[in-house]
Amino acid sequence: TGAAAQYAVVVSDNASTGFFVDKIFDNGTTTRTATGAASGQASPGLCALTHLGGTFYLGVTDDWTGSADNVSVWKSTDLATWTQIGSDFTITGTAAGIAIGTTGSSASDAGVWVAVNDAGAVEVLHYEDIAGGSSPAWREVSDAVVTGDAGSLSMATDGTSVIGVTITDGTSTLTGFWYNQ
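For clarity, every value in this text was computed on a predicted model and none was experimentally measured.

Asker: Help me understand the sheet that holds strand β14 (residues 173-179) in this model?
Answerer: Across a sheet, strands are paired by hydrogen bonds formed along the backbone, either parallel or antiparallel in direction. Taking strand neighbours across the sheet as the criterion, the three strands line up as β12-β13-β14 in an open arrangement whose pairing is antiparallel. At either end of the open sheet lies a strand with only one pairing partner, and these are β12 (152-157) and β14. When strand polarity is set aside, the average angle formed by the axes of neighbouring strands in this sheet is 20 degrees. Relative to strand β13 (residues 162-168), β12 is paired through six bridges, and the arrangement is antiparallel. Note on β13: the bridge partner recorded for Met-155 is Val-165.

Right, dumping it as structure tokens:
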């Protein structure tokens, strides 16, 4: 019929302080839904996107020349309006890769997990309130799930408690797991 029914989402650096978000429909048409998603970055770097229960989650790196990079996570239900989850998380070095995944059966900030290659050590970040009150924050739950040279980074979850992280450096593939208790 030529009707745009299903779509893929493409996120790309807008060469300023955020990211473009585009829908690519199954009939070949495209729609730009946002021109400054995750805006406020000093120098947008890498990004990763996932979806759960009607909510899109976007993990981004912010490249800081001469100092440690930042990681931030944003969410949207319409791909046009993006809200940051918590505050930026500063890593110790240069971000060489980012991946994002979710656990749970419905959208929840506490179900978002991020893997970031921090200068060769892949760290797993989780948004949680370890004190059990009302002060959730991004926390590094594992500081070296996988170590290796910068390469492609991916994440998968079983939807409940197992988070798998894989890095490929061109000659080998390394996999690590984090078990959320």
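Asker: What is the right way to read the nonpolar core from this model?
Answerer: If you look at soluble globular proteins, the nonpolar side chains tend to sit buried side by side. Counting 16 residues, the largest nonpolar core has Val-112, Val-114 and Trp-138 as the members making the most contacts within it. Elements represented by at least two residues in this core include exactly β6 (70-76), β7 (83-90), β8 (95-102), β9 (112-118) and β10 (121-128). Contact partners of Trp-138, with chain neighbours within four places excluded, come to Val-73, Ile-85, Gly-86, Ser-87, Phe-89, Val-112, Val-114, Leu-125, His-126 and Tyr-127. Ranked by size, the runner-up nonpolar core spans twelve residues in total, among them Ala-37, Ala-38, Trp-74 and Leu-79.

Asker: For this particular structure, what's the right way to read the side chain of Thr-103?
Answerer: Relative to the helices and strands, Thr-103 resides in the loop between β8 and β9. A relative accessible area of 9% means that Thr-103 is categorised as buried. Here Trp-113 takes part through its side chain, which lies 3.2 Å from a polar atom of the side chain of Thr-103. Aside from chain neighbours lying at most four places away, what touches Thr-103 is Leu-52, Gly-111, Trp-113, Thr-157, Gly-159, Thr-160 and Ile-163.

Parameters and conventions
Residues numbered from 1 in each chain as written. Predicted model: local features only at pLDDT ≥ 70, side-chain atom pairs only at ≥ 80, totals over all residues. Heavy atoms only, no water. Pairing = 2+ DSSP bridges. Helix = DSSP H or I, 4+ residues; strand = E, 2+ residues; numbered from the N terminus. Axes fitted to C-alpha atoms, helices over the stretch in contact; angles between N-to-C directions. Core = buried A, V, L, I, M, F, W, Y, C linked by side-chain atoms within 4.5 Å. Buried < 20%, exposed > 50% of the residue type's maximum accessible area, 1.4 Å probe, protein only. Contact = heavy atoms within 4.5 Å. Polar contact = N/O pair within 3.5 Å; in protein donor to acceptor, adjacent residues only side chain to side chain.

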